[in-house]
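Survey of secondary and tertiary structure
Chain residues, written in single-letter form:
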Amino acid sequence: MDIDITTSRASCHCGAVRFSVTLTDGLRTARRCNCSYCRMRGAVAVSAQLDGIVVEQGEDMLSVYQFNTGSAKHYFCSKCGIYTFHQRRSNPGQYGVNVACLEGISPFDFAEVPVLDGVNHPADGVPSAGPAGFLRYVPA
Ligand SMILES: [Zn+2]
């Protein structure tokens, strides 16, 4: 696994949705989130700017899920159900991208992935749990 990859091809499980990704900082931005939705979804996400994702096929197959404040937009393939990317609430100028959708990348390639304390979301104005609530990232 090359942690410094800048671009990648990506797709959902069934292949209906295909997109290309330009990452903000390779795979170094990999993280999980413990909010009510992410802890069910279980995906590891990496960061891309809004213009860093180009959907090349199957845009009409994407469904969007919004909850709570509705500010984050979680996209998934309506055929196979796989989460592809989401427009962030913490930074609406960014997408989180499902690292497992990137060609040749598996979330199991990471030794450890930091956890964003999404329960105490910064946008809620509630103090976060602090560093103790986060895992440290250890490069593979
Ligand atoms: Zn699919």
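Residues numbered from 1 in each chain as written. Predicted model: local features only at pLDDT ≥ 70, side-chain atom pairs only at ≥ 80, totals over all residues. Heavy atoms only, no water.

The name recorded for the protein chain in an unreviewed UniProt entry is GFA family protein, from Luteibacter yeojuensis. According to the UniProt record, the Sequence similarities (unreviewed entry) comment for the protein chain is "Belongs to the Gfa family." (UniProt positions renumbered as here; feature names shortened; annotations may be inferred.)

Topic: the pattern of salt bridges
The full count for this structure, using the stated rule, is two salt bridges. The partner of Arg28 in a salt bridge is Asp4, with the nearest N and O atoms 2.8 Å apart. You can see Arg28 sitting in the loop between strand S2 (18–23) and strand S3 (32–33) and its partner Asp4 sitting in the segment before strand S1 (7–11), a full 24 residues away along the chain. On the accessibility criterion, Arg28 (43% relative accessible area) is partly exposed. Exposure remark for Asp4: the relative accessible area of 46% places this residue in the partly exposed category. The shortest N-O distance in the salt bridge between Arg9 and Glu56 comes to 3.4 Å. (Salt bridge = Lys/Arg side-chain N within 4 Å of Asp/Glu carboxyl O. Helix = DSSP H or I, 4+ residues; strand = E, 2+ residues; numbered from the N terminus. Buried < 20%, exposed > 50% of the residue type's maximum accessible area, 1.4 Å probe, protein only.)

Observations concerning the nonpolar core
The nonpolar side chains of a soluble globular protein tend to be buried with one another. Of all hydrophobic cores here, the largest spans 27 residues; its most connected members are Phe19, Leu27, Val97 and Leu102. Broken down by secondary-structure element, the contributors of at least two residues to this core are S2, strand S4 (45–57), strand S6 (73–77) and strand S8 (94–98). With residues up to four places along the chain from it excluded, the contact list for Val97 reads Phe19, Val21, Val44, Ala45, Val46, Ala48, Ile53, Tyr83, Thr84, Phe85 and Leu102. (Core = buried A, V, L, I, M, F, W, Y, C linked by side-chain atoms within 4.5 Å. Contact = heavy atoms within 4.5 Å.)

Here we look at the packing of aromatic side chains
Using the criterion set out here, one finds six aromatic pairs in the structure. Plain terms: the ring middles of Phe19 and Phe85 are 5.2 Å apart, the flat faces sit at 75° to each other, and that makes the pair edge-to-face. Linking Phe19 in strand S2 with Phe85 in strand S7 (residues 83–87), this pair joins segments that are 66 residues apart in sequence. We note that Phe19, like Phe85, is buried. Taken together, Phe19, Tyr75, Phe85 and Tyr95 form an aromatic cluster joined through their ring pairs. (Phe/Tyr/Trp six-rings, centres within 6.5 Å; stacked < 30°, edge-to-face > 60°.)

Side note on the coordination of the zinc ion
At 2.3 to 2.4 Å from the zinc ion lie its protein donor atoms, namely Cys12 (SG), Cys14 (SG), Cys77 (SG) and Cys80 (SG). Coordination at the zinc ion comes from four donor atoms whose angles at the metal span 106 to 116°, giving a geometry best classed as tetrahedral. For Cys77, a relative accessible area of 0% puts it in the buried group. (Donors = N, O, S within 2.8 Å, 3.2 Å for Na, K, Ca; no water. Tetrahedral: all angles 85-135°; square planar, octahedral: opposite > 155°, others 65-115°.)

A few points about the sheet that holds S7
Read from one edge of the open sheet, seven strands run S1-S2-S4-S8-S7-S6-S5, paired in antiparallel fashion. Edge strands, defined here as strands with exactly one partner in the open sheet, are S1 and strand S5 (62–65). Taken over all neighbouring pairs, the strand axes of this sheet differ in orientation by 35° on average, direction set aside. Relative to S8, S4 runs antiparallel, the two being bridged by five bridges. From the neighbouring strand, Ala45 faces S8, where its bridge partner is Asn98. (Pairing = 2+ DSSP bridges. Axes fitted to C-alpha atoms, helices over the stretch in contact; angles between N-to-C directions.)

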